[in-house]
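# Observations on chain architecture
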Amino acid sequence: MPALRVSIIGSGNWGSAIAKIIGCNVQGSNRFQPVVNMWVFEEVIEGRKLTEIINQDHENVKYLPGHKLPRNVVAIPDLVKATEDADILVFVIPHQFIHRICDQLAGHLKSGVYGISLIKGVDEGPDGLKLISDIIREKLGIEISVLMGANIASEVADEKFCETTIGCKNPRHGQIFKEIFQTPNFRVTVVDDCDTVEICGALKNIVAVGAGFCDGLDFGDNTKAAVIRLGLMEMVAFAKLFCKGSVSTNTFLESCGVADLITTCYGGRNRKVAEAFAKTGKSIEELEKEMLNGQKLQGPQASAEVYKILKQKDLVDKFPLFVAVYRICYERCPIQAFISCLQNHPEHY
Ligand SMILES: NC(=O)c1ccc[n+]([C@@H]2O[C@H](COP(=O)([O-])OP(=O)(O)OC[C@H]3O[C@@H](n4cnc5c(N)ncnc54)[C@H](O)[C@@H]3O)[C@@H](O)[C@H]2O)c1
């Protein structure tokens, strides 16, 4: 078997942290080619191009400062050049850019290429929900798996132990992905319930915004536990309604489910910005610019996409927590409405 070439599409906070792992793992295995291309959205930082900084100093000073990237990770600003020889594509960009990226890639990939998406988010299609993996699959005609979990990028980059979940229907690909991603401090479990894995990754960011509202209103850990429980119930109900295949409740017990929900409701940028939103009254867009240094928020936009889908299906009343997050972020609904939403939420579905 010829050695497989891996390319990474994206170089943000998570993209750079995962590049550290992939770069090391491919070097240690003869299954893979030793050089990993990483497509970088070019920016100029203090007069130098980000790709030059990464290739010369081996550090993504904007999105993952303080961490050296392996020397075999090569930053390339041209998307087609970065991916044209790849056998395996790792998609790790904010979800709002996926349509444009796929349009640019279409027609330029090697035959037989397959991919894995680390992107947390959903889109809406004419029939309701559209997963990011669906968009990639449809636009590029490739097999696509997903990786989601309780994986705050800076902690993964610091090599602090955590778990992650890969959703993959092809056992051969599942094994290869495990070799690409697993380390002693980043434990991978592979399941075949791909849609549930992916939907968990998108929906937990909405719940995290609610958790941030509670922090901003000075509520305590008991309230946050209620947000997590009620949010998890809505995640399960939403997955059961909208996932194409059967939904296994066990998947919610994997890292992509309850573990990711907990970590995002305590750490992470969605919670942090939502807390500031409650405290300052500034808009989400303003706070994203002020607080995130170019990183993108996922939760508010995911709530808007989910709201559109729920409205289309006449299901707004069944998901009060998701809907409250949307209305507070985008419809000037007062933030205290989030607490009323918790008080009036059905205890069980
Ligand atoms: N950061 C985390 O802790 C974490 C953990 C797990 C999953 N994720 C998910 O990974 C995905 C990528 O997140 P991230 O943290 O790597 O990104 P990020 O939010 O840190 O960075 C933004 C990225 O978008 C790029 N960008 C900016 N404008 C662009 C444009 N017009 N077109 C294309 N790219 C553009 C930037 O160059 C940068 O690489 C998201 O779906 C996120 O939810 C993040």
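Residues numbered from 1 in each chain as written. Predicted model: local features only at pLDDT ≥ 70, side-chain atom pairs only at ≥ 80, totals over all residues. Heavy atoms only, no water.

## What about the packing of helix 14 (residues 320-330) against helix 15 (residues 337-344)?
Packed helices, taken two at a time, are described by their axes: the angle between them and the distance between them. Packing of helix 14 against helix 15 brings their axes to within 10 Å, and their N-to-C directions diverge by 170°. In terms of axis orientation, helix 14 runs roughly antiparallel to helix 15. For the pair formed by helix 14 and helix 15, the contact residues are Pro-320, Leu-321, Ala-324, Val-325 and Ile-328 on the first element and Phe-338, Cys-341 and Leu-342 on the second. Along the lines of polarity and charge, the residues of the contact of helix 14 with helix 15 split into eight nonpolar, no polar and no charged. (Axes fitted to C-alpha atoms, helices over the stretch in contact; angles between N-to-C directions. Helix = DSSP H or I, 4+ residues; strand = E, 2+ residues; numbered from the N terminus. Parallel < 35°, antiparallel > 145°, perpendicular 65-115°, else oblique. Contact = heavy atoms within 4.5 Å. Nonpolar A, V, L, I, M, F, W, Y, C, P; charged D, E, K, R; others polar.)

## Quick notes on the UniProt feature "binding site: substrate" (unreviewed entry) in the protein chain
Feature annotation in UniProt places "binding site: substrate" (unreviewed entry) on Lys-120, Arg-269 and Asn-270, given in this structure's numbering. Spanning 151 residues, the named residues nonetheless gather at one spot, since no C-alpha pair among them exceeds 13.1 Å. Restricting the annotated residues to those that line the largest pocket leaves Lys-120, Arg-269 and Asn-270. Each residue touching Lys-120, except ones within four places of it in the same chain, is listed here: His-95, Met-148, Gly-149, Gly-201, Ala-202, Lys-204, Asn-205, Asp-260 and Gln-298. Separated by 3.1 Å, the side chain of Lys-120 and the backbone oxygen of Gly-149 make a polar contact. When its relative accessible area of 5% is taken as the criterion, Asn-270 is described as buried. Ignoring anything within four residues of it in the chain, the contact list for Asn-270 reads Asn-205, Ala-208, Val-209, Leu-297, Gln-298, Gly-299 and Pro-300. There is a polar contact of 3.1 Å between the side chain of Asn-270 and the side chain of Asn-205. (UniProt positions renumbered as here; feature names shortened; annotations may be inferred. 1 Å grid on protein atoms, 1.4 Å probe; cavity = no way out; pocket = protein on both sides within 12 Å on 5 of 7 lines; lining within 4 Å. Polar contact = N/O pair within 3.5 Å; in protein donor to acceptor, adjacent residues only side chain to side chain. Buried < 20%, exposed > 50% of the residue type's maximum accessible area, 1.4 Å probe, protein only.)

## A short note on the packing of aromatic side chains
What the rule picks out here adds up to 11 aromatic pairs. Judged by centre distance (6.5 Å) and plane angle (75°), the ring pair of Trp-39 and Phe-41 falls under edge-to-face. One aromatic cluster is present, formed by Phe-238, Phe-242, Phe-319 and Phe-322 through successive ring pairs. Between Lys-224 and the ring centre of Tyr-266, over which it is positioned, the NZ or CZ distance is 4.2 Å. (Phe/Tyr/Trp six-rings, centres within 6.5 Å; stacked < 30°, edge-to-face > 60°. Lys NZ or Arg CZ within 6 Å of the ring centre and 35° of its normal.)

## A word on helix 12 (residues 284-292)
For helix 12, the set of buried residues is Ile-284, Leu-287, Glu-288 and Leu-292. Looking down the long axis of helix 12, one finds its buried residues gathered within 105° of arc, a one-sided arrangement. Buried positions along helix 12 lie against helix 11 (269-280), helix 13 (299-312) and helix 14. Phi turns positive, to about 50°, at Asn-293, one or two residues after helix 12. (Arc of directions from axis to C-beta.)

## A short note on the nonpolar core
Counting 60 residues, the largest nonpolar core has Phe-213, Phe-238, Leu-310, Leu-321, Phe-322 and Phe-338 as its most contacted members. At 11 residues, the largest contribution of residues to this core is made by helix 8 (residues 194-216). With residues up to four places along the chain from it excluded, the contact list for Leu-310 reads Phe-238, Phe-242, Leu-315, Val-316, Phe-319 and Val-323. Counting residues in hydrophobic clusters, the runner-up holds 42 residues, among them Ile-21, Leu-64, Ala-75 and Leu-118. (Core = buried A, V, L, I, M, F, W, Y, C linked by side-chain atoms within 4.5 Å.)

## Concerning the site of the ligand
Surrounding the ligand, one finds 25 residues, the nearest of these being Asn-13, Lys-120, Ala-153, Arg-269 and Lys-296. In this structure, an oxygen atom belonging to the ligand sits 2.8 Å away from a main-chain N or O atom of Ala-153. In the environment of the ligand, a nitrogen atom lies 2.7 Å from a nitrogen or oxygen atom belonging to the side chain of Arg-269. Placement of the ligand is best described as lying within the largest pocket. The greatest single-element share of the shell around the ligand, amounting to three residues, is contributed by helix 1 (residues 13-27). Among the residues making up the shell around the ligand, the classes are represented as 12 nonpolar, eight polar and five charged. (Near = heavy atom within 4 Å. Sits in = over half its atoms within 2 Å of the grid points.)

## Digging into helix 1
Here helix 1 is 15 residues long and its end C-alpha atoms lie 22 Å apart, about the 21 Å a rise of 1.5 Å per residue gives. When you tally the buried positions in helix 1, you get 13 out of 15 residues, the bulk of the element. (Expected span 1.5 Å × (residues − 1).)

## What about the sheet that holds strand 6 (residues 88-91)?
Read across the open sheet, the eight strands follow the order 5-2-1-6-7-10-11-12; overall the sheet is mixed. Strands with a single pairing partner mark the edges of an open sheet, and in this sheet they are strand 5 (73-76) and strand 12 (186-191). Sheet twist, expressed as the average angle between the axes of neighbouring strands with direction ignored, equals 25°. Sheet topology note: the strand 6/strand 7 (residues 114-117) ladder contains four bridges and is parallel. Note that in strand 7 the partner of Leu-89 across the bridge is Gly-115. On the sheet, helix 7 (residues 171-181) packs against strand 1 (6-9), strand 6, strand 7, strand 10 (143-148), strand 11 (162-167) and strand 12 and is oriented at approximately 60° with respect to strand 7. (Pairing = 2+ DSSP bridges.)

## Topic: the layout of surface pockets
In this structure, the largest pocket encloses a volume near 1,100 Å³. Forming the walls of the largest pocket are 42 residues, and the residues nearest its centre are Asn-13, Trp-14, Arg-269, Gln-295 and Lys-296. Within the residue set of the lining of the largest pocket, elements represented by two or more residues are helix 1, helix 4 (98-105), helix 6 (153-157), helix 8, helix 10 (255-266), helix 11 and helix 12. Its residues placed into classes, the lining of the largest pocket shows 16 nonpolar, 17 polar and nine charged. A volume near 210 Å³ is recorded for the second largest pocket. Along the wall of the second largest pocket there are 14 residues; nearest its centre are Phe-277, Ser-283, Ile-328, Cys-329 and Arg-332. Those elements giving two or more residues to the lining of the second largest pocket turn out to be helix 11, helix 12 and helix 14. For the lining of the second largest pocket, the per-class residue count stands at nine nonpolar, two polar and three charged. (Points joined across faces, edges and corners; volume = space filled by probe spheres on them.)

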